[in-house]
Amino acid sequence: MTAHLPILPILIPMIGALLLLLPPLCGSPDRQRAAALLFSALTLLVSILLLQVQQQGIQLYVLGDWQPPFGIVLVADRLSSLLVLLTSVLGLASILYACAGDDRTGSYFHPLVLFQIMGINGAFLTGDAFNLFVFFEVLLIASYALLIHGGGKQKTQASFHYVALNLVGSSLFLFALGILYGTLGTLNIADMSTKIAALSGGEKTLARAGGLLLLVVFGLKAAMLPLHFWLTRTYASASAPVAALFAIMTKVGIYSIFRIHTVVFGENAGELAFMAQPWIWPLALLTLVVGSIGALASPNLRELTANLVVISVGTLLVSIALQNEDATSAGLYYLVHSTLVCAALFLIADLIGQQRGKAADRFVVSRRVRQPALLGVLFFVGAMTVAGIPPFSGFVGKVLLLQAAHGTTEMLWVWPVLLISSLIAIIALSRAGTTLFWRRSTDKSQGEVASPWHLAAVTLLLLAAPMLVVLGGPMTEYTREAAHQLHSVPIHLPVLLPGGPS
């Protein structure tokens, strides 16, 4: 059974989604909820088991016994296993929250969520660049439907822009893969890393063009400046459980940049080594700046949270630009923290909006919420965590990243921007909390109190704030080992390419 663990995070949600489309589950909302919770819990369970198995080293899963680099392979290393577990937690939290009623605003919510979990897990586990494209399309198609789930003019407009941009990105992705396959003769990521240094002349130029084109594609998925303008409106218009699940979407782009531009175009790529670094540096810092400005200008809590996602993307791009194991390790810790807390804030924004009447979560004077103490505590924990206030996990993640800036030049670039973005986040969140909880026109309240489903989902996500600190030692040790695996692919080639390079 252990040998088949790498494919189970893909198979379980796929089988669950297909079963939910068939009678008798399709015709019963209650059965759909129960089945969706069951399959998401099973996915979480196998993700935990997969993470534990990583102590034995990288697992290679060869489909159909077609050996790499020619066959389809799944690679479960420390990085992919960590992100699969993160996706499974988000998926379970989104389904829990939706069980309070969001899943009944439209059709096929639970199958779509499971298909999206399948696509995201597949993107993290695949060892082949073309199958990375395939899983991108699976998760994107599911996200198109989820974004518009429940209908509405705002969702339709945001969905149109989101779909149009991602269709362009998918086309560029195929062009880039065609260029790289034509020059390298393979799309197996490990095999590509063995061949890139041997290119010369025109082939090297083509490979550079293909690699930079992939940076554009992954930058679009990650919402890297100047390709980030779709994110705020898209995330703010989606329903709360969908927005929470979308918190992992930008991280798929970040993961892809880590995987391609560290493994293929890393230190062993000869003249093409770290070719994207001169581009990533300014784009990372500008993404942080634009996200910070957007946070100050946000008119409501959802848009503020969406801009905090942009800030987290800029922070993660800084960890990529630093190109050392310490920075990668810090980035992975910060990735887990930021994804979970931003997802929680999307759910908290929805809970606040439900209890403020027509004002929803906008920063205007309105009637007070029905549960000010409960929602205030949840918002406070989420805000302090995402802003990087000690002793929460955001503080630990940013300190680790600041320590990873070893050189004086790197410190002069990284420290001021990261610290100022944290200060701006504190200011924006302080304004938000003051307006939402203290500035009220009347003490009368309306709306329903938060249901147990709501509280279970938010609590599951917010638990990351103390747990990532309490378990900071094992967590940082794990991320260090994950970063070492990512930066030392030649050592692991006998596992990744058992038959040798093609």
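The rules behind these values
- Residues numbered from 1 in each chain as written.
- Predicted model: local features only at pLDDT ≥ 70, side-chain atom pairs only at ≥ 80, totals over all residues.
- Heavy atoms only, no water.
- Salt bridge = Lys/Arg side-chain N within 4 Å of Asp/Glu carboxyl O.
- Helix = DSSP H or I, 4+ residues; strand = E, 2+ residues; numbered from the N terminus.
- Buried < 20%, exposed > 50% of the residue type's maximum accessible area, 1.4 Å probe, protein only.
- 1 Å grid on protein atoms, 1.4 Å probe; cavity = no way out; pocket = protein on both sides within 12 Å on 5 of 7 lines; lining within 4 Å.
- Points joined across faces, edges and corners; volume = space filled by probe spheres on them.
- Nonpolar A, V, L, I, M, F, W, Y, C, P; charged D, E, K, R; others polar.
- Pairing = 2+ DSSP bridges.
- Contact = heavy atoms within 4.5 Å.
- Expected span 1.5 Å × (residues − 1).
- Phe/Tyr/Trp six-rings, centres within 6.5 Å; stacked < 30°, edge-to-face > 60°.
- Disulfide = S-S within 2.5 Å.
- Patch = residues over 30% accessible without salt bridge, like charges linked within 9 Å, V, L, I, M, F, W, Y side chains within 5 Å.
- Areas by Shrake-Rupley, 256 points an atom, 1.4 Å probe, with all protein chains shown as cover.
- Axes fitted to C-alpha atoms, helices over the stretch in contact; angles between N-to-C directions.
- Parallel < 35°, antiparallel > 145°, perpendicular 65-115°, else oblique.

Asker: Explain the pattern of salt bridges to me, and be specific about the residues and the numbers.
Answerer: This structure, assessed with the given rule, holds 8 salt bridges. One salt bridge connects R33 with D103, and the closest N-O pair in it is separated by 2.7 Å. Placement of the pair is R33 in helix α2 (residues 29-53) and D103 in the loop between α3 (78-98) and α4 (109-125), with a sequence separation of 70 residues. When the shortest N-O distance is used, the salt bridge between R78 and E481 registers 2.8 Å. Remark: E481 occurs in helix α20 (residues 472-487) and R78 occurs in helix α3; sequence separation between them is 403 residues. R78 gets classed as buried once you look at its relative accessible area, which sits at 12%. The exposure class assigned to E481 is partly exposed, which follows from its relative accessible area of 29%.

Asker: Describe empty space enclosed by the protein, with residues and values.
Answerer: Applying the stated criterion to the full structure yields 5 cavities of 30 Å³ or more. What lines the largest cavity is a set of 17 residues, and nearest its centre among them are V75, I189, A190, R259 and L496. Among the residues forming the lining of the largest cavity, the class breakdown is 10 nonpolar, 5 polar and 2 charged. Lining the second largest cavity are F136, L139, L140, Y162, N166, L220, K221, W230, M249 and V252.

Asker: Explain the pairing of strand β2 (residues 73-76) residue by residue, including any values.
Answerer: Residues V73 and V75 line one face of β2 and the alternating positions L74 and A76 line the opposite face, and both faces are buried. Here strand β1 (residues 59-62) runs beside β2; their pairing, made up of 4 bridges, is antiparallel. Paired with L60 across the two strands is V75, which belongs to β2.

Asker: I'd like a rundown of the environment of A247, residues and numbers included.
Answerer: Structurally, A247 can be placed in the loop between α10 (240-246) and α11 (249-264). Overall, A247 belongs to the buried group, its relative accessible area being 1%. On a C-alpha basis, the gap between A247 and S338 in space is 8.7 Å, while along the polypeptide they are 91 residues apart. If sequence neighbours within four positions are ignored, A247 has contacts with Y235, T339 and A343.

Asker: Summarise helix α14 (residues 325-354); cite the residues concerned and give the values.
Answerer: The end-to-end C-alpha distance of α14 is 44 Å, a good match for the 44 Å that 30 residues give at a rise of 1.5 Å each. Of all 30 residues that make up α14, 27 are buried, and the element is covered over most of its length.

Asker: Break down the packing of aromatic side chains for me, citing the residues and quoting the values.
Answerer: Counting across every chain of the model gives 13 aromatic pairs. When the ring of F133 is compared with that of F173, the centres are 5.5 Å apart and the planes differ by 90°; the resulting orientation is edge-to-face. Here F173 lies in helix α6 (residues 153-184) and F133 lies in helix α5 (residues 129-147), a separation of 40 residues in the sequence. On the numbers, 5.7 Å between centres and 80° between planes, the contact of Y144 with Y162 is edge-to-face. A residue pair is termed long-range when its members are at least 10 positions apart, and Y144 in helix α5 and Y162 in helix α6 qualify at 18 residues. In terms of burial, Y144 and Y162 fall into one category: buried.

Asker: So what about the layout of surface pockets? Which residues, and what values?
Answerer: Estimated volume of the largest pocket: approximately 730 Å³. Residue assignment for the lining of the largest pocket shows that the elements contributing at least two residues are α2, α3, α14, α19 (464-470) and α20. Partitioned by chemical class, the residues of the lining of the largest pocket number 17 nonpolar, 2 polar and 3 charged. Considering only enclosed or pocket space, the second largest pocket measures out at about 440 Å³ in volume. Every residue lining the second largest pocket is counted, 21 residues in all, and those nearest its centre are D102, R302, D350, G353 and Q354. Breaking the lining of the second largest pocket down by element, the ones donating at least two residues are α13 (301-322) and α14. Counting residues per element, the lining of the second largest pocket draws most heavily on α14, at 4 residues.

Asker: I'd like a rundown of α11, residues and numbers included.
Answerer: Between the first and last C-alpha of α11 there are 22 Å, a value that for 16 residues agrees with the 22 Å anticipated at 1.5 Å per step. For α11, a buried count of 16 out of 16 residues is recorded, marking the element as mostly surrounded by other parts of the structure.

Asker: Describe the state of the cysteines, listing the residues and the values that go with them.
Answerer: Counted by the stated rule, this structure contains 0 disulfides. Here C26 is not cross-linked by a disulfide; its sulfur's nearest cysteine counterpart is in C99, at 16 Å. For C26, a relative accessible area of 30% translates into the label partly exposed.

Asker: Got a sec to walk through a nonpolar patch on the surface? Specific residues and values, please.
Answerer: Where nonpolar side chains cluster on the molecular surface, the patch consists of I15, L18, L19, L21, L22 and Y108 and spans about 510 Å² of accessible area. One can find Y108 in the loop between α3 and α4.

Asker: Describe the packing of α5 against α11, naming the residues involved and giving the relevant values.
Answerer: Contact geometry of α5 with α11 gives a least axis separation of 12 Å together with a crossing angle of 170°. By the criterion of interaxial angle, the relationship of α5 to α11 is roughly antiparallel. When α5 is examined against α11, the residues L132, F136, L139, L140 and S143 are found in contact with a partner set consisting of M249, V252 and S256. When the residues that make up the contact of α5 with α11 are grouped by side-chain class, the tally is 6 nonpolar, 2 polar and no charged.

Asker: Explain the environment of I424 to me, and be specific about the residues and the numbers.
Answerer: Tracing the backbone shows I424 in helix α17 (residues 408-437). Between the alpha carbons of I424 and L283 there is a distance of 19 Å; along the sequence they are 141 residues apart.

Asker: Can you break down unusual backbone geometry residue by residue, with the values?
Answerer: Cis geometry is adopted by the peptide bond preceding P69, which originates at P68 and carries an omega value of 10°. The topology assignment puts P69 in the loop between β1 and β2. The phi dihedral of A223 is positive, around 65°, even though this residue is not glycine. You can see A223 is positioned in the loop between α8 (201-222) and α9 (229-237). On the basis of relative accessible area, A223 is assigned to the buried category, the value being 0%. In this structure, F274 takes a positive phi of about 55° despite not being glycine. Within the fold, F274 resides in the loop between α11 and α12 (277-297). Take F274: its relative accessible area is 25%, and that puts it in the partly exposed class.

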